[in-house]
Amino acid sequence: MNIVLKKAILYIGVLCFLVASPGIAFASNFDLVTFSTTPKTPGANTSVLIRMESFAVNLSSAKILWYVNKNLIKESVADTSLKVSTGDFGEETIIDVVIITANGNSYNKQFILAPAEVDVLWEAQTYTPPFYKGKAMPTYKSMVKVTAVPRFKSLSSDPSEYFYTWTYKQTLNIGKALGKNSVIVPMGFAGAPIPVNVEVSLPGTNWKGERYLSIPVFVPKLVMYEQSSLLGISYHHALPKIVETNGTQFTLHVAPYFFSSDDVYAGNIAFKWYADRRVMPSDQAYLNATLEKTGKETDTETKSVTLSIQNPNRILQSASTQVTVSFTPEDNTQ
Amino acid sequence: MDLEEKNYKKWIIIAIGIVLIAIIAVGAFLFLRNKSGTTEGTGGVLSFGQLGEDTTRDPITGNNTITGSSTQNGNTDNPADEEPMFRQLTPESVAGITNVVRDGKTYVRYVLRQTGYVYEVNPATGETTQLTNTLIPRIYEAYFGNNGNTVILRHLTLNPILLRDVITTRVEDIEEPMDETNIGKLQNHFGVDSEVKIADDITFVSVSPDGKTMLYLLPVPDGISGTIISLVDKRTPKEIFRNSFSEWLPQLFDNGSILLTTKPSANILGYSYLYDPTTKIMTRLVREKNGLTTMADESGKFVLYSENTPGGSSLSLYSKDALSSEEGVNIYEQHIGLNTLPEKCTWAASGTTIYCGAYNNSKGTQIPDDWYQGLVSFNDSFWKMNTTDLENIIYVADPQKEIQRNFDVTHPLVDKDEKYMIFIDKNDDSLWSLRIPPPIEKIEDSNIDETTTLTPEELKDAVGTTAQ
C-alpha cells in the first residue's frame, strides 16, 4: 500500500475517532447526567425533590420518562425534576429515567434513593456541677467534641464501619478516616456559631450521607447555692437574689457553669468574692465563701455578696453575680 | 318614761334578733353553696398549675401527717374520702425512694439525705419504721434494687490529691437487725473484705426495673464506659460498652439493653438510641427534638419524651412499633396534650397507664436547663392517661385546691394496684403520697339537667388555671 493511502486511512481513522469519541465517552460514562436531591441526605418517610442536570444532553428539548419502582410516574418534555417520598428505613426507592432527545437518541439512567440519617452529636468540655443532668454548653475558646452516628441500611448501625470526612468552618479539613466518627474543634466568640460538616460513606457501596451542623457559643454563668453541713450543697435550689436565714452563719457555693472544665479543675480561674464591697476569704478551690453574723442575735443584719470570676487562659470566659443574705432573728424568719 | 324605756328595749331586742337571723342565713347560704359541688367527667379540659420563677417554699412544721380535705372531687359520701388525698410521709429531705410489696401490702422505702438512714413507711397509714442506722451524711442521690434490699448511695467526697469534690458511689445491702433495737445497718454489697472498688466520679446510675442489675457510666479518656453490677449476687462488675460520645443519660432494661438519651438543653436537638450490648449496635429511636428528655416503660416498647416547643415542654409518646398508619406511612410518635417532663411521670404496672405531674410554664424559661439548675420550680397538678387512648387525659388532683399547697413533682412512683402515687417534692425534698381517687362514673345523658348552668366558679374549675 502506498504511503498516500496509508496516510488517508490514518486521517480518516483519526477523524472518526474524534467524531465518535464524545459519543463513546458519553455512552460509557453516563455521569454526564447527574442527579441531586433535596434534602441531601433524606431520612425515612421523607419527601424528596430529585433534580437532573446534564451538560452533554439537551434536556430542555428531550422527552423524559420518570419511573418509580418500575411504575411510570411522569412523562413530559423538559421536566427534569421529580418529587417522591422515601420509604421506611431499609427500603430502597428505585428511580429509572428514560431520556429521548429531539434527535431520537435514547438514554437510560437508574438512581437508587435509600433513606439515610447522619446524627451529629456534640459535647462541650465545660464545667457543670456534680449530678447535673443538663448539657454543658460551649463558650469562648472551649473545646467541643463532635461525634457522628450514621445509619444507611437500617435504624441500627455500627459507627466504626463507616468512612468519615470532617470539615470545620466550611473549608478547613480536620480529618478523614475509616471509623473516625469523632473530632474535637475549638469554639470562637459567644454568639458566633461554628459550622462543622461531615460526609459519611459506607466502604464497598455507593451510599453516602452528609450532615452540616452549626454549634452555638454561649457565655458562662454563675449560679449560687447554699452549702449546709447537714445537707451538703442544694444544687436543685438556686439561691434567689435575696436570701433570709435565722442562723449566724451562711455558706455560699458557686457553680461556674460552662467555664472550661480543665481550667476550673486546675484552679486556673480567678475568683473575687466581696461582702459589702470588702474582699472575702474563700476556700475549697474558691467555690465557697462563708458569711457570719457579727451583730446581736436579736438584730437583723444584711450582707451583700458580689462574686466575679474570670478565666485568664480564655479571657472572655468571665461572669459575675450578686446575692444579698439577710440574717434575721429566729422569730422573724418565715 | 318606763313605757318608753320598755318600748326602747323591745325594739333593741327585735333589731338584735333580725341581725342574728341575717347572719345565720348568710352562713347557711355559703355553707350550702360549697357543699353542692359539681360532678366532673373524664376527659375534662386540662387544668394546670403555674410556673413560678421565684416560688416561695413553705416550711413544713408539725407532725408528718399533714393532710388535706377532699371537698371538691367525687362523692363526699364515699368512705375513701376519710383517708386524706395527700399525705406527707416525711418532712425531712429524701434522696431516693422505692416501693416494696410485703404480704400483699405496698410500703415505701426511702433514704434521708441528711444521714443516709433507710426508712420504710406505709403510705396508707403513715406509719414509719427505721431500717438502718449506718450514718453516711449528705446523700445527693439514692437508688434501690434487689426488692429494696440493696441501696446505692451517692455523695461528695473531698479528694485530697485532686483538691476537689468527687462523686462517691456506694452499693450497700440492708442487713437485718442484730440486736434489740430492731434497726439494721448497711453492709458493703461486695463484702467487708472485698477488693471490688467502684470508681469515683460516676456520672449516672440506672437500676433495671426488676432491681437485679445496676448500670453506671464512667468517663474514660476516649469517651464513656458503661459497666453493670449485679445487685442480687457478688459478681465482679463488668464493662459492657464504650462510646466516644459521653453526654448520655441512661436507662437500663431487664434484658440488658440500654436506652441512651443525649443530655438535654432547651434549644439543642436531642437524640435517643437503644444500645444492645450483645451486638454492640445502636438503634435510633427518637430523633432531633429540642430539649429532649425521655423515660421508657419497663419493656422499652414505649418511650415517653418531651420536646421544648414555643408553647412549653410538650409531652409525646414514641413506640418502636408504629402507633398508627396514614396513607401507608407508619406513625411512630404521638403528641400528648400535657406540658411536663417525663421525669415527672411514672408508668403503672400495667405498662400502658401513665401518671404525671404537669404544669403551665411561663415565657422566658429555658426548659429543662433552668429546672435542673434550680432556677425555677413548677406547681404541678396530677394527671393520668393510657397509651391506647392518649387523647383522653384524666384529671386526678390539684394540690392547690386540695390542701392549698404547691408541689414540684420528682421521683414519682405508683404502687402495683394504682392506689397511691408517691413522689418527692423538689421544693423541699419532702416525701408525699397521693391517694389516687377511684375512676369517676361516666355521666349518663339522662342524668344531665339541661336547665343547669355552671356558676362562674364552676366554669373556672372546668377550664382550669391559666398561665400567669
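Preceding this section is the structure that the text describes.
Residues numbered from 1 in each chain as written. Chains lettered and ligands numbered in written order. Predicted model: local features only at pLDDT ≥ 70, side-chain atom pairs only at ≥ 80, totals over all residues. Heavy atoms only, no water.

Draft legend 1. Up close: the overall build of chain B. What chain B contains, in helices and strands, is 4 helices and 31 strands. Out of the 468 residues belonging to chain B, those deemed buried represent 50%. In chain B, of all internal contacts separated by at least 6 residues, the share reaching a separation of at least 24 is 49%. Accessible area of chain B: about 22900 Å², with a carbon and sulfur share of 52%. (Helix = DSSP H or I, 4+ residues; strand = E, 2+ residues; numbered from the N terminus. Buried < 20%, exposed > 50% of the residue type's maximum accessible area, 1.4 Å probe, protein only. Contact = heavy atoms within 4.5 Å. Areas by Shrake-Rupley, 256 points an atom, 1.4 Å probe, with all protein chains shown as cover.)

Draft legend 2. Summary view of the environment of B:Ser350. All names here are of chain B. For Ser 350, the location among the structural elements is in the loop between β25 (345-347) and β26 (353-360). Along the primary structure Ser 350 and Phe 190 are separated by 160 residues, whereas in three dimensions their C-alpha atoms are 34 Å apart. Within the structure, Ser 350 has its side chain in polar contact with the side chain of Thr 353 (distance 3.2 Å). (Polar contact = N/O pair within 3.5 Å; in protein donor to acceptor, adjacent residues only side chain to side chain.)

Draft legend 3. Quick peek at the state of the cysteines. All names here are of chain B. Evaluated as defined, the whole model comprises 1 disulfide over all chains. The disulfide bridge from Cys 345 ends at Cys 356, spanning 2.0 Å between sulfur atoms. With the S-S dihedral at roughly 110°, the linkage between Cys 345 and Cys 356 falls on the right-handed side. Of this pair, Cys 345 sits in strand β25 while Cys 356 sits in strand β26, and the two are 11 residues apart along the sequence. On the basis of relative accessible area, Cys 356 is assigned to the buried category, the value being 0%. (Disulfide = S-S within 2.5 Å.)

Draft legend 4. How the structure looks around unusual backbone geometry. Cis geometry is found at the peptide bond from A:Thr38 to A:Pro39, where omega equals 5°. Mapped onto the elements, A:Pro39 comes out in the loop between β1 (33-38) and β2 (47-54). Of note, the bond from B:Ile367 into B:Pro368 is cis; its omega dihedral lies within 30 degrees of zero at 5°. Structurally, the position occupied by B:Pro368 is in the loop between β26 and α2 (369-372). At A:Lys169, a residue that is not glycine, the phi angle is positive and equals roughly 55°. Within the secondary structure layout, A:Lys169 lies in the loop between β11 (163-168) and β12 (172-178).

Draft legend 5. How the structure looks around the interface of chain B and chain A. Counting residues at the interface gives 53 residues for chain B, matched by 51 residues for chain A. Taken together, the two surfaces of chain B and chain A that pack against each other cover about 4400 Å², and 53% of this comes from carbon and sulfur. Here chain B is connected to chain A by 6 salt bridges. One salt bridge in this structure joins B:Glu247 and A:Lys135, with 2.8 Å as the shortest N-O distance. At the surface where chain B touches chain A, the tally comes to 24 residue pairs in polar contact (both at pLDDT 80 or more). Contributing elements (two or more residues each) for the side of chain B that touches chain A: β7 (139-145), β8 (150-159), β9 (164-175), β15 (248-252), β17 (269-276), β18 (281-290), β23 (329-331) and α2 of chain B. If you tally residues by element for the side of chain B that touches chain A, the top one is β18(B), at 6 residues. Looking at side-chain class alone, the side of chain B that touches chain A contains 21 nonpolar, 12 polar and 20 charged residues. As paired elements, strand β10 (residues 156-157) of chain A and β18(B) share 2 bridges and run antiparallel to each other. By the bridge assignment, A:Ser156 is partnered in β18(B) with B:Thr283. (Buried area = accessible area lost by both parts, 1.4 Å probe. Salt bridge = Lys/Arg side-chain N within 4 Å of Asp/Glu carboxyl O. Nonpolar A, V, L, I, M, F, W, Y, C, P; charged D, E, K, R; others polar. Pairing = 2+ DSSP bridges.)

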